[in-house]
Every structure is written in C-alpha cells, then in structure tokens.
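Coordinate inspection notes
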Amino acid sequence: MRSTTRSTRTNKVSTTLMRMTAPLALAASAGLAHAELPAALDRVPDSALVTASIGNLEAFIGDARQLQGGLDMLGGGAEAIGAAGQLLETDGIDRDGSVALAMMPNADGGEPNLLLIAPVDDFDAFVGSFDGETVGNISSFEFQGQRMHAKSIGGGYAALSPDDETITTFTGEGGKLGIHESLAGPTGARVAADSDTIVIANIQLLKPQLEEGYEGLKGQMKMMAMMAGPQAGDMEAQMEALDVIAASFLRDAKVGIVGLDVSADGLAIDLASQFAEGSEIAGFFKSAGDSPKLLTKVPDMEFLIAGAGDFSAPGIQQLLKNSNELNAQMNTGAMAMDMGKFWTASEGMAGVLGASPALFAGGLFSNSVLFVSGEPESTRGTMRDLYAKMNDQTIEGMTYTTSYDTGSVEIEGQQVDTWKMGMKVDPAHPQAMMMQQSMMMMLGPQMGFSGYATTVDDGYVTTYSQNTALMKKALGAAGGDGGLGSSDAIEKIASELPEDRFAEAYLGTKTLMGYARMAMSMMGGGAQFDVPDELDPIGVGISGNEGGFRARTYITKDVLNTIGQFQNQGGGGGGGNQGGGGPRF
C-alpha cells in the first residue's frame with residue numbers, strides 16, 4: 001500500500017519538482033570546471049525524463065549564499081538556498097558529494113515520480129537526524145513537510161523519493177554516467193565544463209507531454225484569433241509556420257539543457273540543445289562562428305542594445321533561408337520591406353542602438369549604426385533596390401515615402417549616400433491613434449527615418465539619422481579605429497560567453513535602468529533606487545557547433561542587485577514562497 005495517494009501526488013508533484021530543482025539549478029562551485037557530468041548521475045537510470053545535478057553540495061551553498069540577494073529576483077532564491085542548506089547540515093551527509101534529482105516515468109501513466117540521489121558517508125546517521133523509522137531496508141521520515149522514503153544504494157549514496165514504490169523498486173546500480181554523457185552530446189559537455197549545475201531533459205521521452213502542451217498553446221492562439229476577428233490578420237498562417245518549427249524540433253532534438261554557474265561575481269545561465277546526428281537542425285549548427293570580430297566594426301558608445309551575428313557558415317546561411325521562407329508564410333500580405341534578400345546576401349552584421357540624450361524628441365533610433373559584412377557594392381545595390389520598391393506603398397494603413405541618393409554628400413573626404421523613409425498613418429484606420437502614438441515615441445516628431453550610408457573595404461555602414469558626427473564615428477570604427485567590441489566593458493562580459501559564438505547581444509543596463517528611473521519619476525513613482533555610475537551590460541552569446549545550439553547569458557552581481565532594487569520599487573520583488581502550502585522537497 002503506497003503511503004502517498006495518486007491524487008495527492010498528482011496535485012503536488014509539479015510543485016515538488018520545481019522546488020527541488022531550484023536549489024540544484026542554482027548550484028555552482030567557483031573555480032571548479034567539470035569536463036564530465038556530475039558524478040551522482042552515474043546512479044540515475046537512463047529512463048529518466050529530466051535530470052538535475054550538481055557537482056559539489058558544500059561549494060554550492062557557499063557561492064549561492066554570496067549571490068542570494070541577486071538570485072531572489074529569479075524567484076524563490078532564499079527558499080532554495082535554505083532547503084539545500086538544511087540538507088548540507090544534516091548528519092551523515094557527504095558535504096563535498098554530488099547530488100542528482102531525476103523525474104522518472106510513472107508506470108501507471110500518471111504524474112512522473114521524483115528520485116533524489118544524495119551523497120552520504122553514514123546512512124544511519126542521516127536517517128537518524130530526521131527521527132526516521134526503518135522497515136527492512138526502507139526508511140521513512142518527514143523532510144520539510146514532505147513524507148520521504150529512502151534507502152542506501154552503496155558507494156556513498158542514498159536514494160530518496162516521496163513515492164514508496166519508486167524507492168522499493170529502485171536498484172541504484174551504477175554505470176549510467178556514460179549513457180547520460182552520450183545523450184547530452186558535445187553541447188552538453190561544453191555546458192557541463194562551464195557549469196556545476198546542469199539540467200537535462202530527454203526530449204524524445206518527453207515528446208508526448210510536449211506535444212500535448214503545444215496543442216494547448218495552439219488552442220489558446222486560436223481562441224485569441226477568434227476574439228480578434230478581422231484584426232487577427234496572418235495569425236492562422238503564423239500558427240501553420242509554428243507547426244513546422246515545433247515538429248522539426250521534436251523530430252530532431254535529443255535533449256534540452258539548462259546550465260547555471262553562480263559565483264561571487266555573477267550568474268551565468270545556459271540554454272542549449274543537442275540534435276540527432278545527421279538531422280536537419282543539426283546541419284544548421286556545424287561550425288564555429290566569429291561574431292566578436294564584427295562587433296568591433298561599430299562605434300564604442302553608450303547604448304541601449306548592441307549585437308552582432310556571423311552568418312558566413314553554410315549551416316547558418318541555410319537556417320536564414322529557411323527562416324525567410326517561414327516568414328513569408330507567416331506574413332501572407334504585403335510587407336513594407338522584404339529583408340529576406342538582404343539577410344541571405346550578407347555574411348554578417350553588427351549594430352548598436354545608441355543612447356539618445358533627447359530620447360523622445362530625437363527618436364529611439366537617432367543614435368544608431370549598422371555595419372553589414374559582405375561584398376560592399378552588392379549590399380549597397382540591395383538596399384537601394386529595397387528603398388525604391390518600398391516607395392509609395394500603402395500597407396495596413398501606413399503609406400511609405402522613401403528615397404536613396406548615391407554619393408550625395410561628402411564626409412571625411414568620402415562620398416556618402418543619403419536615405420529617407422517617411423511614414424504617414426491613414427486617419428481612417430481603426431488603429432490610427434495607437435499607431436501615431438507608438439511612432440512618436442519611437443521616431444520622434446519627424447515620424448520617419450533618415451540616415452547616411454556608404455561602402456567600406458569589407459562591408460557597408462549606415463546610420464539611422466543624418467548626423468555627421470555619428471557617421472564619422474561609424475566610419476572610424478568600420479575602418480578599424482577601435483570599435484565597441486574591443487571596449488573594456490564588452491570584453492569583460494564577452495569573456496564569460498562561448499568563444500565559438502556566431503551571435504552575441506548586450507543590454508546597456510546602466511542606460512536602460514536610467515531611463516526606467518526617469519520614467520518612474522515622471523509618472524510620480526518617486527523612484528528610490530540608485531543607478532551606479534558604472535554598471536556592466538548583460539551579455540548573451542550564441543554558438544552552434546557539432547550539431548548543437550547553445551545560448552549563454554551572463555549577469556554580474558551588481559546588475560542583479562540593481563534589478564532587484566528596481567523590482568522591489570515597482571512592487572515586483574521576488575523571493576520567498578509565493579505558492580504557499582506546497583511540498584518543499
């Protein structure tokens with residue numbers, strides 16, 4: 001007779017999984033890098049749907065506590081650290097040992113069962129610290145409000161679960177680490193090398209649940225389309241395109257991976273996937289990229305967002321081509337500017353959305369620069385053709401007036417092109433007022449774009465305002481005079497990102513937080529948080545090699561703390577137990 005009824009397990013297991021994976025997902029150990037997956041996975045059956053593991057329990061507690069204030073912004077940081085801390089202080093626990101949590105399939109088809117592999121050097125002392133009762137080789141006790149069942153599986157490990165049958169039938173035999181490493185693939189090995197916490201989801205075993213979840217999402221989208229009526233536009237076509245994307249991912253993906261690394265300096269988060277060898281998606285991600293080189297081609301300036309993408313690899317070129325075809329499928333009506341040809345013709349690009357001293361007067365894009373890598377004259381011809389085709393088009397209530405004049409001005413002794421894009425809203429359009437308001441905020445009173453553009457030795461550079469000083473900076477950076485990618489602020493964050501990345505992006509946290517503080521003050525919020533004089537950007541780097549995709553985000557401690565202050569000021573402070581009453585295992 002099971003001590004946990006099916007109804008109770010069904011109601012609680014999802015919350016249980018999230019709360020137990022929280023401490024594991026926050027775990028990290030400064031100065032340790034594991035080429036292999038955490039050792040406790042050697043005892044986890046290869047039938048596990050999801051695994052979450054750490055390499056060293058005590059190291060996790062030390063580093064996570066240093067960053068706890070920042071982790072609270074992610075939700076539940078204090079609770080997660082407290083739960084793992086209690087486990088660490090338990091008699092009989094091996095403080096330097098590896099921990100693994102597995103979500104195991106339920107033979108009856110119900111909610112998955114949870115299995116924890118904990119490191120112990122004295123199992124009897126471990127059970128005794130909870131005043132547990134033992135029948136045969138199974139011990140039972142209360143842990144943080146949850147009835148647990150446990151047994152020793154030898155080799156310095158104990159197995160625990162809230163489900164007694166899971167523990168009774170679990171053999172705990174070793175030899176599984178190699179299977180998990182093979183499943184995670186080269187991408188999983190890279191994430192493991194940079195993280196002491198790794199969560200691995202077996203996509204093929206989870207496929208039925210993922211398909212069910214996706215169908216539910218589609219149902220919600222269809223309901224939204226029905227409510228929107230004629231304004232739904234291309235939503236049906238977009239859902240068909242999403243079907244293609246979802247089906248392709250579920251067909252080709254072996255695993256989904258999350259890796260975390262917490263240190264006294266900051267937090268790194270990996271989101272990755274390894275695809276089956278020879279599959280279509282694996283073919284997109286076969287080569288190392290070099291987006292850092294491109295980011296040196298735009299000016300070093302204060303920015304809201306900056307980024308670069310290296311599209312030269314054959315797999316990425318094919319991915320862009322497929323994406324353009326899907327985009328055309330999702331947008332069945334006319335488009336203001338079809339950028340598909342532009343994207344596939346370029347070898348890469350870098351851009352910076354610079355901070356504007358007069359944000360609402362000058363427009364969001366008034367201090368922005370784009371560099372396009374590739375054959376210069378071909379890129380110029382493509383842009384000239386796109387502007388010519390766009391002129392006098394009226395699409396969804398917006399009329400566009402465009403021009404592109406080659407060599408019309410001289411800057412720094414070089415003939416430079418000028419371009420303009422005016423936009424006029426049809427006052428009879430149902431969304432006319434909303435469109436005008438959003439355009440005023442983004443573009444300023446001029447209600448359009450304009451800029452300079454020209455070719456350089458290895459590409460094409462353009463500004464998004466006819467600002468001579470800005471164009472001089474853009475020409476200098478494109479010519480190798482030390483661009484944004486070689487600045488100290490970017491290099492500091494870039495050092496935490498994958499070296500072989502083909503794309504990267506940075507959020508100018510100081511600028512964005514300053515704007516947020518200003519906006520809160522204007523709205524009478526009386527902002528109480530301070531923006532430090534020096535605040536690092538948030539960085540994201542994307543790599544695609546050996547059939548896998550990896551996106552790594554790095555946030556420094558100071559940024560985490562500043563964002564936490566902002567959340568608290570806005571009433572959105574995280575942390576603590578928001579759900580209440582659920583199990584804490």
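Higher on the page you've got the structure.
Residues numbered from 1 in each chain as written. Predicted model: local features only at pLDDT ≥ 70, side-chain atom pairs only at ≥ 80, totals over all residues. Heavy atoms only, no water.

**Let's talk about the overall build of the chain**
Helix and strand content of the chain: 20 helices and 21 strands. For the chain, with 585 residues in total, the buried portion stands at 51%. Partitioning the contacts of the chain with sequence separation of at least 6, the portion at a separation of at least 24 is 71%. Element-wise, carbon and sulfur atoms account for 54% of the exposed surface of the chain, whose accessible area totals about 26,000 Å². (Helix = DSSP H or I, 4+ residues; strand = E, 2+ residues; numbered from the N terminus. Buried < 20%, exposed > 50% of the residue type's maximum accessible area, 1.4 Å probe, protein only. Contact = heavy atoms within 4.5 Å. Areas by Shrake-Rupley, 256 points an atom, 1.4 Å probe, with all protein chains shown as cover.)

**Some remarks on a negative patch on the surface**
Judged by side-chain charge, Asp91, Asp121, Asp122 and Asp124 come together as a negatively charged surface patch. With respect to the helices, strands and loops of the structure, aspartate 121 is situated in the loop between strand S3 (113-119) and helix H5 (123-128). By relative accessible area, which is 58% here, aspartate 121 ends up exposed. (Patch = residues over 30% accessible without salt bridge, like charges linked within 9 Å, V, L, I, M, F, W, Y side chains within 5 Å. Salt bridge = Lys/Arg side-chain N within 4 Å of Asp/Glu carboxyl O. Lys, Arg positive; Asp, Glu negative; His and termini not counted. Charge placed at Lys NZ, Arg CZ, Asp CG, Glu CD.)

**Structural notes on a nonpolar patch on the surface**
A surface patch of nonpolar side chains, about 410 Å² in accessible area, is lined by Met223, Met226 and Met227. Along the polypeptide, methionine 226 turns up in helix H8 (residues 203-228). Residue classification places methionine 226 among the exposed residues on the basis of a relative accessible area of 66%.

**Focus: the nonpolar core**
Ranked by internal contacts, the top residues of the largest apolar core, which has 35 residues, are Phe285, Ile316, Met398, Tyr404 and Met439. Those elements giving two or more residues to this core turn out to be helix H10 (280-284), helix H12 (314-330), strand S13 (368-373), helix H15 (376-390), strand S15 (398-411), strand S16 (414-425) and helix H16 (432-443). Not counting residues up to four positions away in its chain, the partners in contact with methionine 439 are Met398, Met423, Val425, Gly444 and Met447. Counting residues in hydrophobic clusters, the runner-up holds 29 residues, among them Leu295, Ala350, Val416 and Val456. (Core = buried A, V, L, I, M, F, W, Y, C linked by side-chain atoms within 4.5 Å.)

**Things to note about helix H9 (residues 235-252)**
The terminal C-alpha atoms of H9 lie 26 Å apart, and with 18 residues this matches the ideal 26 Å at 1.5 Å per residue to within 8%. Regarding H9, the residues found buried are Met235, Ala237, Met239, Ala241, Ala246, Ser248, Leu250 and Asp252. (Expected span 1.5 Å × (residues − 1).)

**Focus on unusual backbone geometry**
Positive phi is not limited to glycine here, since aspartate 131 has a value of about 55°. Here aspartate 131 lies in the loop between H5 and strand S4 (133-135). The class of aspartate 131 is exposed, set by a relative accessible area of 73%. If you check the backbone angles, aspartate 392 has positive phi at about 70° while not being a glycine. With respect to the element layout, aspartate 392 can be found in the loop between H15 and strand S14 (394-395). Taking the relative accessible area as the measure of exposure, aspartate 392 reaches 57% and is therefore exposed.

**Quick word on the environment of asparagine 56**
Inspection of the secondary structure assignment puts asparagine 56 in the loop between strand S1 (50-54) and helix H2 (57-66). Counting along the chain gives 63 residues from asparagine 56 to proline 119, while the straight-line C-alpha distance between them is 9.6 Å. Beyond its immediate chain neighbours, meaning those up to four positions away, asparagine 56 contacts Arg95, Asp96 and Gly97. Within polar-contact distance, the side chain of asparagine 56 engages the backbone nitrogen of glutamate 58 at 3.2 Å. Side-chain polar atoms of asparagine 56 contact the backbone oxygen of aspartate 96, separated by 3.5 Å. (Polar contact = N/O pair within 3.5 Å; in protein donor to acceptor, adjacent residues only side chain to side chain.)

**A short note on the pairing of S15**
As judged from the 2 bridges shared by S14 and S15, these two strands associate in the antiparallel manner. In the sheet register, isoleucine 395 faces S15, and the bridge partner there is methionine 398. Hairpin connection between S14 and S15: a loop of 2 residues separates the two successive antiparallel strands, and glutamate 396 in this loop has a positive phi of roughly 50°. Strand direction decides the pairing type here: S15 and S16, joined by 11 bridges, are antiparallel. Considered in S16, the bridge of tyrosine 400 is made with methionine 423. Counting the residues that bridge the hairpin from S15 to S16 gives 2 residues, and of these glutamate 412 lies at a positive phi of roughly 55°. (Pairing = 2+ DSSP bridges.)

**A short note on the pattern of salt bridges**
Counted under the stated rule, the structure contains 18 salt bridges. A salt bridge links arginine 95 to glutamate 89; the shortest N-O distance between them is 3.7 Å. One salt bridge connects arginine 251 with aspartate 252, and the closest N-O pair in it is separated by 2.6 Å. Looking at aspartate 252, the relative accessible area reads 3%, which means it is buried. Shared partners join several salt bridges into a network, and the residues in it are Asp194, Asp270, Arg550 and Arg552.

**Some points on the environment of glutamine 415**
Turning to its location among the elements, glutamine 415 is positioned in strand S16. Note: C-alpha distance between glutamine 415 and alanine 453 (38 residues apart in sequence) is 9.4 Å. Within polar-contact distance, the side chain of glutamine 415 engages the backbone oxygen of glycine 407 at 3.1 Å.

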